[in-house]
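Reading the structure
Listed here are the chains, written in short residue letters.
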Amino acid sequence: MKLPHEFYQLPFSFDVGLLAKEIEQFTESDWVTHHEGFQGNSAIPLISVNGEFNNDFKGPMQPTTALAKSPYIKQILASFGEVLSRSRLMRLAPGAQVPLHSDINYHWYKRVRVHIPITTTEQVQFFCHDKQVHMGAGECWIFDSWKLHKVENNSNQYRVHLVVDLAGSSQFWQTVFHDSRSIADDQSTTLNSQFVDFNPDSPATFITEQFNAPVIMPVAEVEYLTNELLAEVKHNPVNQVADVNAFSLLVAEFVADWRVLWLQYECTKAGWPHYHALREQTMIKAVQCAKSLQLTHSGSAVKAFEQLIIVACINVELSEQLATRKQALTLPQKPPERANLASVKSASATSIVPKPTATNTARTIAAPPSRNSPCPCGSGERYKACHGKVS
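Here goes a summary of the coordinates provided. Here the structure is a predicted model, which means the values were calculated and not measured.

Reading the values: the criteria
Residues numbered from 1 in each chain as written. Predicted model: local features only at pLDDT ≥ 70, side-chain atom pairs only at ≥ 80, totals over all residues. Heavy atoms only, no water. Core = buried A, V, L, I, M, F, W, Y, C linked by side-chain atoms within 4.5 Å. Buried < 20%, exposed > 50% of the residue type's maximum accessible area, 1.4 Å probe, protein only. Helix = DSSP H or I, 4+ residues; strand = E, 2+ residues; numbered from the N terminus. Contact = heavy atoms within 4.5 Å. Pairing = 2+ DSSP bridges. Axes fitted to C-alpha atoms, helices over the stretch in contact; angles between N-to-C directions. Phe/Tyr/Trp six-rings, centres within 6.5 Å; stacked < 30°, edge-to-face > 60°. Parallel < 35°, antiparallel > 145°, perpendicular 65-115°, else oblique. Nonpolar A, V, L, I, M, F, W, Y, C, P; charged D, E, K, R; others polar. Salt bridge = Lys/Arg side-chain N within 4 Å of Asp/Glu carboxyl O.

Attention shifts here to the nonpolar core. Counting 43 residues, the largest nonpolar core has Trp 146, Ile 216, Phe 247, Phe 254, Trp 258 and Phe 305 as the members making the most contacts within it. Counting residues per element, this core draws most heavily on helix H7 (residues 241-265), at 9 residues. Not counting residues up to four positions away in its chain, the partners in contact with Ile 216 are Trp 258, Trp 262, Glu 266, Cys 267, Trp 272, Tyr 275, Cys 313, Ile 314 and Val 316. Listed in part, the 39 residues of the second largest apolar core include Leu 67, Val 112, Ile 142 and Val 176.

Next up, the structure:
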């Protein structure tokens with residue numbers, strides 16, 4: 001994620017001894033090697049797609065069995081009060097490094113990585129663009145992952161970080177920009193940190209991402225992301241004007257044609273082949289006309305275009321899964337028992353409570369495509385005034 005400065009230390013600190021004790025329970029077989037084969041890099045998923053041991057970005061994020069065995073880590077995750085995405089224990093072997101790279105895919109564009117070092121030494125250095133820091137054990141850091149970055153472990157011991165992915169609410173970003181310390185600030189000043197201790201009597205509850213990739217990316221998002229990318233390409237003085245103009249025209253045509261398809265098909269299956277053909281043709285042209293273009297601090301513009309937009313704009317493999325989950329969220333719920341009347345009164349105003357009719361007790365009334373459609377129960381009323389009535 002792009003940030004105004006390369007590094008920020010957040011005003012939180014954690015019990016390193018307790019964290020170290022929790023990671024001691026894991027054996028070597030629990031650590032999964034890096035999916036791209038980075039030597040000396042391994043991880044243990046804590047929150048992942050469907051709670052499985054994978055490296056996926058798309059799909060409902062759920063706690064893993066490893067997190068279930070780590071009560072303090074669960075409380076740390078809950079303490080942020082944020083909607084959480086992929087989270088892991090990340091390990092770097094002695095003498096190993098995380099190679100120089102930038103996180104330019106769709107997942108990372110609006111998500112930040114929170115780093116909480118557990119085992120580390122001064123010989124572990126984190127580099128981002130032209131800055132470097134040592135993240136101390138028990139501290140809390142974020143960094144600009146859109147810029148080129150790397151990590152070097154020049155010590156003789158494993159470095160282990162708890163790494164939490166999140167997009168961040170307005171409250172989170174207020175904390176970052178008003179209560180944290182950036183790399184540009186005076187590092188001699190004391191950071192007023194809140195210590196997050198373990199409380200065995202406190203429930204560790206948190207929310208995880210459920211919808212994080214579109215079946216078909218809406219045209220407004222396609223336009224927003226391409227405009228962001230073009231602005232950086234145009235800002236980089238090393239790029240040739242002719243190449244920038246050719247790429248700008250290609251992107252404008254791509255957005256225009258995507259809009260025309262969206263107006264015809266939206267996310268329906270009939271449009272999938274047309275969306276796919278458009279992105280394939282566009283990517284071929286992009287490689288031909290813009291292969292020399294560079295982002296300011298993040299490498300190839302064409303690679304970013306591919307990972308941020310072209311790859312991410314179609315995810316038809318999620319269609320059935322998303323439809324099922326969305327229907328589950330909109331289906332009318334079973335009428336509450338009278339004994340639970342107090343809880344009904346305190347429920348959200350947007351909760352949907354079906355009419356306790358004879359028809360309803362016999363079968364579940366599925367929500368129609370529009371709330372203005374006739375109610376499937378056969379009453380003759382619109383769904384929104386019948387079984388879809390908002391309490």
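To continue, consider the sheet that holds strand E12 (residues 149-153). Read from one edge to the other, the open sheet built from 4 strands follows the order E7-E12-E9-E10, with strand pairing classed as antiparallel. Edge strands, defined here as strands with exactly one partner in the open sheet, are strand E7 (97-101) and strand E10 (131-133). Within the sheet, the average angular offset between the axes of one strand and its neighbour, ignoring direction, is 20°. Strand direction decides the pairing type here: E7 and E12, joined by 3 bridges, are antiparallel. Considered in E12, the bridge of His 101 is made with His 149.

A few words now on the packing of aromatic side chains. The tally for this structure, following the rule as stated, stands at 14 aromatic pairs. Where Phe 126 meets Phe 143, the ring centres are 4.7 Å apart and the plane angle is 55°; that geometry is what we call tilted. Of the two residues, Phe 126 is situated in strand E9 (residues 124-128) and Phe 143 in strand E11 (residues 141-143); the sequence distance between them amounts to 17 residues. For the pair Phe 126 and Phe 143, one class covers both residues: buried.

Turning our eyes to something else, we now look at the pairing of strand E6 (residues 83-92). It is a general feature of regular strands that their side chains alternate between the two faces of the sheet. Within E6, 9 of the 10 residues are buried, which leaves the element mostly enclosed by the surrounding structure. Bridging between strand E4 (residues 41-49) and E6 involves 6 bridges; their strand directions are antiparallel. Looking across to E6, one finds that Ile 44 is bridged to Leu 89. Where E6 lies against strand E16 (residues 207-208), 2 bridges are found, and the strand directions are parallel. Among the inter-strand pairings, Leu 84 is bridged to a residue of E16, identified as Thr 208. Pairing of E6 with strand E13 (residues 159-166) involves 7 bridges; the strand directions are antiparallel. Looking across to E13, one finds that Leu 89 is bridged to Leu 162.

Another point: the packing of H7 against helix H8 (residues 272-290). Two elements in contact, H7 and H8, have axes whose closest approach is 10 Å; the angle formed by their N-to-C orientations is 180°. Judged by the inter-axis angle, H7 sits roughly antiparallel to H8. Contacts from Asp 243, Ala 246, Phe 247, Leu 250, Phe 254, Asp 257, Trp 258, Leu 261, Trp 262 and Tyr 265 of H7 reach H8 at His 274, Tyr 275, Leu 278, Arg 279, Thr 282, Lys 285, Ala 286, Cys 289 and Ala 290. Looking at side-chain class alone, the contact of H7 with H8 contains 13 nonpolar, 2 polar and 4 charged residues.

Moving on: unusual backbone geometry. Phi angles above zero are rare outside glycine, and Asn 50 is one such case at about 60°. Summarising the element assignment, Asn 50 is placed in the loop between E4 and strand E5 (61-63). In this structure, Glu 266 takes a positive phi of about 50° despite not being glycine. When you line up the elements, Glu 266 lands in the loop between H7 and H8.

Scanning the model with the defined rule gives 11 salt bridges in all. Between Glu 6 and Lys 131 there is a salt bridge, and its shortest N-O distance comes to 3.9 Å. Here Glu 6, found in the segment before strand E1 (7-9), pairs with Lys 131, found in strand E10; they are 125 residues apart in sequence, far enough to count as distant. Between Arg 111 and Glu 209 there is a salt bridge, with its nearest N and O atoms 2.8 Å apart. With a gap of 98 residues between them, Arg 111 in the loop between helix H4 (106-109) and strand E8 (112-119) and Glu 209 in the loop between E16 and helix H6 (219-235) connect regions that are remote in the sequence. Overall, Arg 111 belongs to the buried group, its relative accessible area being 10%. Through salt bridges with shared partners, a single ionic network connects Glu 6, Asp 130, Lys 131 and Lys 147.

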